[in-house]
Number of protein chains: 2
Amino acid sequence: MKRFSFNQITAKFWDLEDMVAGCVEAGVDKVALWREPVAEYGLDRSAGLVRDAGLTVTSLCRSGFFQAPDWFDDNRRAIDEAHALDTKVLVLVSGGLPGGSKDLAGARQHVADAIGRLVPHAAAAGVTLAVEPLHPMYAADRCVISTWDQALAIAEQHPVGQVGVTVDTYHLWWDDTVLDKIARAGDRIAIYQLADWATPLPAGVLTGRALPGDGVIDMRPFHDAVAKAGYTGPIEVEVMNDALWERPGREVLAATIDGYQGCF
Amino acid sequence: MKRFSFNQITAKFWDLEDMVAGCVEAGVDKVALWREPVAEYGLDRSAGLVRDAGLTVTSLCRSGFFQAPDWFDDNRRAIDEAHALDTKVLVLVSGGLPGGSKDLAGARQHVADAIGRLVPHAAAAGVTLAVEPLHPMYAADRCVISTWDQALAIAEQHPVGQVGVTVDTYHLWWDDTVLDKIARAGDRIAIYQLADWATPLPAGVLTGRALPGDGVIDMRPFHDAVAKAGYTGPIEVEVMNDALWERPGREVLAATIDGYQGCF
């Protein structure tokens, strides 16, 4: 449990104060926070709440969405929020194609350029931009960065520590080349997240993820690859699941801890 | 229209006799057939029906599903059916993980081995086994062969003409490396299929495909890559879409022809 971090989205409807109290009670000392509930509770208040509870914020989820007109200002704000929460990692989900566009290659190039423009601000804030490749099923409408190779190629245009990659088992498990690449990624791994793959996928394919152990992903080779790369940081469980979200927060946390422990 | 082939699944509920008549009427001289409706109408009857109408069968869809206990016998039957229908191409969808298994690499190896065991029978029948990489969102439950590279690696273990690859825009469009690879694939392209990507995806993610032009895929680079490889064969439109399936067959065929012509 030393490396376990509870990603807030896993209990989407759990009030922030209650979540912090629930984590402390369960002996969990790391959380990943999401921008929307943090903004709702107040940024400084959220930062104070987790700090006073002795919790470490392992990442802030999430920024990116570079097809939005205000992407530059919004991502700079997200970097400031990460800094205020004293987390070193800001997860970037690139966003999909601009409305009406079929230019996937162009959208991908724009993401690389946009991240380059954010690096100075992130570096000054001591925040690593953690590019997250999302499963190819999101390429049109959520994230044009679909593979490990694409995310790493963007990260490698910048110094280590300034831009890295998010390893999320849910998004990468299908790729027969990914484990070797992760094992060679060294300091480019910014954060490691677990979620399991379950079928059938629900409409919209966003909220059908499973707790580790409840799907078909063999987690051990991922653990091994990440370890081989030298990554010793936190391991978040980040699951979006409608049925899970209907349960009380404490139950969700307990089930998440069970799933996490079961896959080690 | 010289290369256009109407894939039967695009009008799933159109009676075979009506479909053949509708194609002839519309000046379409190529169709791709599916095993289930062919079996229902009778194999020899189906073969006679399309032959008498002067139609060419561009492929038989589909066999594979190598996790099924009877995969060997069933795939040999499918080869015989392709032969009886006088088509040169049998599309293979590999099937997903065996029940309860998390061994994706093992399942993939089994597919390669299984295809190797089918090659002699297929070669004797003059049928090319067309390995189809399906979108990675199907890796668990429908097709463990998720990428161009995986399908081509299997094909290349055998002589050209015996095992090839199915190029389907729907399954490959997200892959930023695929166009160059297709352009270099030469005679390994066994069949070329068009379907477009639309979101949001429906539950089960099987029946939300769009007619060419109705989604976000830029078809022209695919046409160019396939042409560069030297492929001059038929171009099937194969779309599974619940809303389309509710429409009368003749309407579906007309809309399919429109979509096809619009993307050239």
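Scroll up for the structure.
## Side note on the sheet that holds strand β1 (residues 4-7) of chain A
Residue and element names in this part refer to chain A.
Argument step 1. On the basis of which strands lie adjacent, the closed barrel formed by eight strands has the order β1-β2-β3-β4-β5-β6-β7-β8 and parallel pairing. The sheet shows a mean angle of 30° between the axes of neighbouring strands, direction not considered.
Argument step 2. In terms of strand pairing, β1 meets strand β8 (residues 235-237) through three bridges, oriented parallel. Among the inter-strand pairings, F6 is bridged to a residue of β8, identified as V237.

## Regarding the environment of F72(A)
Argument step 1. Mapped onto the elements of the fold, F72(A) is located in helix α4 (residues 71-84).
Argument step 2. Between the alpha carbons of F72(A) and L118(A) there is a distance of 7.5 Å; along the sequence they are 46 residues apart.

## With respect to the packing of helix α1 (residues 16-26) of chain B against helix α3 (residues 43-52) of chain B
Residues and elements named next belong to chain B.
Argument step 1. Where α1 contacts α3, the two axes come as close as 10 Å, and the packing angle between them is 15°. Between α1 and α3, the interaxial angle falls into the category roughly parallel. In the packing of α1 onto α3, the handedness of the crossing is right-handed. Within the contact between the two elements, α1 uses L16, E17 and V20 and α3 uses S46, L49 and V50.
Argument step 2. Taken together, the residues of the contact of α1 with α3 sort by class into four nonpolar, one polar and one charged.

## Details of helix α9 (residues 219-228) of chain A
Residue and element names in this part refer to chain A.
Argument step 1. Considered for burial, the residues of α9 that qualify are M219, F222, A225 and V226. The buried residues of α9 occupy an angular sector of 125° when projected down its axis, which confines them to one face.
Argument step 2. Buried-residue contacts for α9 involve β6 (163-168), α7 (169-172), α8 (178-183) and β7 (189-194).
Argument step 3. Two residues or fewer past α9, G230 is found with a positive phi of approximately 95°.

## Concerning the relation of the copies chain B and chain A
Argument step 1. Placing chain B over chain A gives an RMSD of 0.0 Å and needs a rotation angle of 180°, together with 0.0 Å of translation along the axis. Here the symmetry operator amounts to a two-fold rotation axis. Of every C-alpha in chain B, the one belonging to A203(B) sits nearest the axis of rotation, 1.9 Å from it.
Argument step 2. A high fraction, 100%, of the interface residues of chain B reappear at the interface in chain A, so the copies pair face to face through one surface.

## Some words on the sheet that holds strand β4 (residues 89-93) of chain B
Residues and elements named next belong to chain B.
Argument step 1. Read once around its circumference, the closed barrel built from eight strands follows the order β1-β2-β3-β4-β5-β6-β7-β8, with strand pairing classed as parallel. If you compare each strand with its neighbour and ignore which way they point, the axes differ by 30° on average.
Argument step 2. Examined bridge by bridge, strand β2 (residues 30-34) and strand β3 (residues 56-64) share five bridges and lie parallel to one another. In the sheet register, K30 faces β3, and the bridge partner there is T56.
Argument step 3. Against the sheet, helix α4 (residues 71-84) contacts β3 and β4, and its axis sits at roughly 175° relative to β3.

## What to know about the environment of Q150(A)
Argument step 1. With respect to the helices and strands, the residue Q150(A) is situated in helix α6 (residues 148-155).
Argument step 2. In the structure, Q150(A) is positioned 26 residues away from D176(A) in sequence and 15 Å away in space, judged by C-alpha atoms.
Argument step 3. Setting aside residues no more than four positions away along its own chain, Q150(A) makes contact with R108(A), P133(A), I145(A) and D176(B).

## Observations regarding the pairing of β4(B)
All names here are of chain B.
Argument step 1. In terms of burial, β4 is a largely internal element, five of the five residues being buried.
Argument step 2. Burial along β4 is two-sided: the residues V89, V91 and V93 and L90 and L92 are all buried.
Argument step 3. Alignment of β3 against β4, held across four bridges, turns out to be parallel. Bridge pairing in β4 places G64 opposite V93.
Argument step 4. Regarding topology, α4 serves as the crossover connection from β3 to the parallel β4, and that connection is right-handed.
Argument step 5. In this structure, β4 lies alongside strand β5 (residues 128-131), joined through four bridges in parallel fashion. Among the inter-strand pairings, V89 is bridged to a residue of β5, identified as T128.
Argument step 6. Taking the sense of rotation as the criterion, the β-α-β connection linking β4, helix α5 (residues 104-125) and β5 turns out right-handed.

## Comments concerning the nonpolar core
Argument step 1. Ranked by size, the top nonpolar core spans 184 residues in total, and within it L90(A), V131(A), L90(B) and V131(B) carry the most contacts.
Argument step 2. Once you skip the residues sitting within four places of it in the chain, V131(A) turns out to touch L92(A), I115(A), I145(A), A151(A), I154(A), A155(A), V163(A), V165(A) and T166(A).

Procedures and definitions
- Residues take numbers from 1 onward in each chain, read along the sequence in its written order.
- Chains carry letters and ligands carry numbers; both start at the beginning, A for chains and 1 for ligands, and go up in the order they are written.
- Under the rules for a predicted model, residues below a pLDDT of 70 receive no local features and side-chain atom pairs below 80 are neither given nor counted, while totals for whole chains, interfaces and linings still include all residues.
- Two strands pair under a simple rule: DSSP has to find at least two bridges between them.
- Numbering goes from the N terminus for both helices and strands, where a helix is a DSSP run of H or I of at least four residues and a strand is a run of E of at least two.
- Helix axes use the C-alpha atoms of the stretch in contact, all axes being lines fitted to C-alpha atoms, and the angles between their N-to-C directions lie in the range 0 to 180 degrees.
- Put simply, angles under 35 degrees are roughly parallel, angles over 145 are roughly antiparallel, angles from 65 to 115 are roughly perpendicular, and the rest are oblique.
- Handedness of a crossing is defined here by the sense of rotation of the near helix relative to the far one, left-handed for an anticlockwise turn of less than a right angle and right-handed for a clockwise turn.
- For every residue pair, C-beta atoms are placed from the backbone, and the pair is scored as a contact if these atoms sit within 7 Å.
- Residues were grouped as follows: Ala, Val, Leu, Ile, Met, Phe, Trp, Tyr, Cys and Pro as nonpolar; Asp, Glu, Lys and Arg as charged; and all remaining residues, including Gly, as polar.
- Each residue is classified by how many other C-beta atoms fall within 10 Å of its C-beta atom, where C-beta atoms are placed from the backbone; a count of 20 or more means buried, 12 or fewer means exposed, and values in between mean partly exposed.
- By arc we mean the arc of the directions from the helix axis to the C-beta atoms, nothing more.
- All copies are superposed by least squares; the fitting set is the C-alpha atoms of residues with a pLDDT of at least 70 in both.
- With strands facing away from the observer, any crossover in which the path from the first strand over the helix to the second runs clockwise is taken as right-handed.
- Here, a nonpolar core denotes buried Ala, Val, Leu, Ile, Met, Phe, Trp, Tyr and Cys residues that are linked to one another through C-beta atoms within 7 Å.

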